[in-house]
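Coordinate inspection notes
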Amino acid sequence: MFVLNTWYIAAWTEDVTDKPFPRRICNEAIVFFRDQQSGKIAALADMCCHRGAPLSLGTVVEEGLECGYHGVVHDCSGKCVHIPGQDRIPEKARVRAYPVVEKNEFIWIWMGDPALADESLIVDYPYNDDHANWPHKHGFYHIKAGYMLMVDNLMDLTHLGYVHKSTIGGNPMTHVKAEMDVTRDEKSLKYVRWMINSVPPPTYTKAVDFEGSNVDRWQEFAFSAPSNILQWSGAVKTGTGAREHNRREGGFSLRIFHGLTPETENTCFYFFTPANGYKQDDPKATEVLFDQIAEAFMEDKIFCEGQQARIDERGEAHLVDIVSDATRVQLRRIIKKMFDEEQKSPIPVSAPAARIEIPITAAK
């Protein structure tokens, strides 16, 4: 169930350099490269219009991306602009080009109808550009599970006390009994969880000295359909007005952007950026935070991949929902509605590129 008329994270900006960068998104093979003259990123179908060789096996040249098989060159728009030994280039000799945007240290790609690719629909996340107040590191996992299983995982935090006992979890019943407010609209869902007068989990106490005090802990998660989640979590000493007066300074605070991009039906890419909001001038604190978060997310990876393997074997029609699935059920409905609406207006698909036949004696 791929929603195509949307922006997905394809890579970090530093991933695409002076070499072709291949990636499969929504089960389509794509190659990214930077134009040598402008430095802008282009994304093309990873299949040369001559003999179908992967363009990602080629070389970035001044005119565009040169196929490594016969030297045919495509520019950033996908148009063939050079054929060795042949002056005449067929008008239909091109490959599909995808809209791409660099924003907030991400490379975003639009997989659907290019006429609908509105940059204003990209999630705003200025914290990635604010290294002074939110120093952070980039994280990336290839997950052998469908992206919706990972979205489920992130939007139901009752698992924290069981899966993440040694890091961000804490006591399981603290999460089960958390007070939660949920709001939603057609394409988003947000919840805020409060764990008042709770014991801080290991990751928090490694970062901040709460002097043995319990904490008032919050977790804000904002889901932007179909696959991006913005998180702000933290804790301050109990009784200092975190919830009543929105006083959340002086304790532990982190922000994370979670970006899930479908690779295939049963695999996805997970982009995350843990940002340090409590010891911004301490690079070591940022490193420790990243290590703790990466460890916790590896625990999620193990469970979701195991979950996918069992679903592949036996299906999921017999599975049951419990009370903690409320937000998961709502977000699945949001994604399904987007998918269903998209099916009513089929997305125009670019015609396959005309295959180029290079004559033995090239006509001039």
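Residues numbered from 1 in each chain as written. Predicted model: local features only at pLDDT ≥ 70, side-chain atom pairs only at ≥ 80, totals over all residues. Heavy atoms only, no water.

Of regular secondary structure, the protein chain possesses 6 helices and 18 strands. Counting over 364 residues, the protein chain shows a buried share of 51%. Contacts in the protein chain between residues at least 24 apart in sequence constitute 62% of all its contacts with a sequence separation of at least 6. By element, 51% of the accessible surface of the protein chain is carried by carbon and sulfur atoms, the whole surface being about 17,500 Å². (Helix = DSSP H or I, 4+ residues; strand = E, 2+ residues; numbered from the N terminus. Buried < 20%, exposed > 50% of the residue type's maximum accessible area, 1.4 Å probe, protein only. Contact = heavy atoms within 4.5 Å. Areas by Shrake-Rupley, 256 points an atom, 1.4 Å probe, with all protein chains shown as cover.)

What follows covers the sheet that holds strand S18 (residues 267-276). If you walk across this open sheet you meet the 7 strands as S12-S18-S17-S16-S15-S14-S13, and the pairing is antiparallel. Either end of the sheet is taken by a strand with one partner, and the two such strands are strand S12 (139-143) and strand S13 (179-184). Strand after strand, the sheet turns through a mean of 15° between neighbouring axes, direction not considered. Where S12 lies against S18, 5 bridges are found, and the strand directions are antiparallel. Across the sheet, the residue bridging to Ile143 is Cys268, located in S18. Helix-sheet contacts for helix H5 (residues 283-314) involve S12, strand S17 (252-264) and S18, and the interaxial angle to S18 is about 155°. (Pairing = 2+ DSSP bridges. Axes fitted to C-alpha atoms, helices over the stretch in contact; angles between N-to-C directions.)

In this section: helix H6 (residues 326-344). An ideal rise of 1.5 Å per residue puts 27 Å on 19 residues; H6 measures up with 28 Å between its terminal C-alpha atoms. For H6, the complete set of buried residues consists of Thr327, Arg328, Gln330, Leu331, Ile334, Ile335, Met338 and Glu342. Elements that come into contact with the buried residues of H6 comprise helix H1 (147-155), S13, strand S14 (188-198) and strand S15 (215-224). (Expected span 1.5 Å × (residues − 1).)

Before going further, it helps to examine the sheet that holds strand S11 (residues 106-110). An order of S1-S11-S10 is seen for the 3 strands of this open sheet, with the pairing classed as antiparallel. Unpaired on one side and paired on the other, strand S1 (7-12) and strand S10 (100-103) mark the two borders of the sheet. Across the sheet, the axes of successive neighbouring strands diverge by a mean angle of 30°, strand direction being ignored. Alignment of S10 against S11, held across 4 bridges, turns out to be antiparallel. Each bridged residue has a counterpart across the sheet, and for Val100 the counterpart in S11 is Ile109.

A separate point is the packing of H1 against H6. Each packed pair of helices is defined by two parameters, the angle between the axes and the distance between the axes. Relative orientation of the contacting elements H1 and H6 amounts to 140°, with a least axis distance of 9 Å. The orientation of H1 with respect to H6, classified from their angle, is oblique. Seen along the crossing, H1 lies across H6 with a hand that is right-handed. Note on element contacts: H6 touches H1 through Thr327, Arg328, Leu331, Arg332 and Ile335, opposite Tyr147, Met148, Leu149, Val151, Asp152 and Met155. (Parallel < 35°, antiparallel > 145°, perpendicular 65-115°, else oblique. Left-handed = near helix turned anticlockwise from the far one by under 90°.)

The next point concerns the pairing of S15. Of all the 10 residues making up S15, 8 are buried; the element is thus mostly covered by neighbouring parts of the structure. In terms of strand pairing, S14 meets S15 through 9 bridges, oriented antiparallel. Bridging from a neighbouring strand, Val192 pairs with Glu220 of S15. As judged from the 10 bridges shared by S15 and strand S16 (residues 228-237), these two strands associate in the antiparallel manner. Counterpart to Phe223 in the pairing with S16 is Ile229. Between S15 and S16, which pair antiparallel in sequence order, lie 3 residues.

Here Asn228 is to be found in strand S16. Judged by its relative accessible area of 4%, Asn228 falls in the buried class. Taking the C-alpha atoms as reference points, Asn228 and Phe257, separated by 29 residues in sequence, lie 7.5 Å from one another.

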